[in-house]
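# Descriptive structure summary
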Amino acid sequence: MAGYLMEHGNLRVLLQPAELVIIGDASIGTVLIGNPIYILKGIAGGIAGTFAGSKFGKDRYLET
């Protein structure tokens, strides 16, 4: 990317939303096909856990 900018290239040309969708869908498909169901459930649980609230609240922090 540095060489492209050194030659006064336009970075907006490199951003291709359709290509990002294709790559993202291919990666999701690969994960779905390449893993057994119990692994997929673990992945889904891990992703859900990142968006869930913390089990440690203000009271726990003040107590420690």
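Residues numbered from 1 in each chain as written. Predicted model: local features only at pLDDT ≥ 70, side-chain atom pairs only at ≥ 80, totals over all residues. Heavy atoms only, no water.

### Looking at the overall build of the protein
Stated precisely, the cut-off is as follows: Under the DSSP-based scheme used, a helix requires at least four consecutive residues in state H or I and a strand at least two consecutive residues in state E, with every element numbered from the N terminus. For a compact globule the rule gives 2.2 Å times the number of residues to the power 0.38, and the radius of gyration it is set against comes from C-alpha atoms. Per-residue and other accessible areas were derived by the Shrake-Rupley procedure at a 1.4 Å probe size, with only the shown protein chains allowed to occlude residues. Residues scored as charged are limited to Lys and Arg (positive) and Asp and Glu (negative), so that His and the chain ends carry no count. Note that the charge is assigned to NZ on lysines, CZ on arginines, CG on aspartates and CD on glutamates.
Across its full length, the protein carries four helices and zero strands. Helices and strands in the protein line up, N terminus first, as α-α-α-α. The C-alpha atoms of the protein give a radius of gyration of 21 Å, which is well past the 11 Å a tight globule of 64 residues would have. Taking the principal axes of its C-alpha atoms as reference, the protein extends roughly 60 × 35 × 15 Å. Accessible area of the protein: about 5,900 Å², with a carbon and sulfur share of 67%. Computed over 5 positive and 5 negative side-chain charges, the separation of the two mean positions in the protein equals 12 Å.

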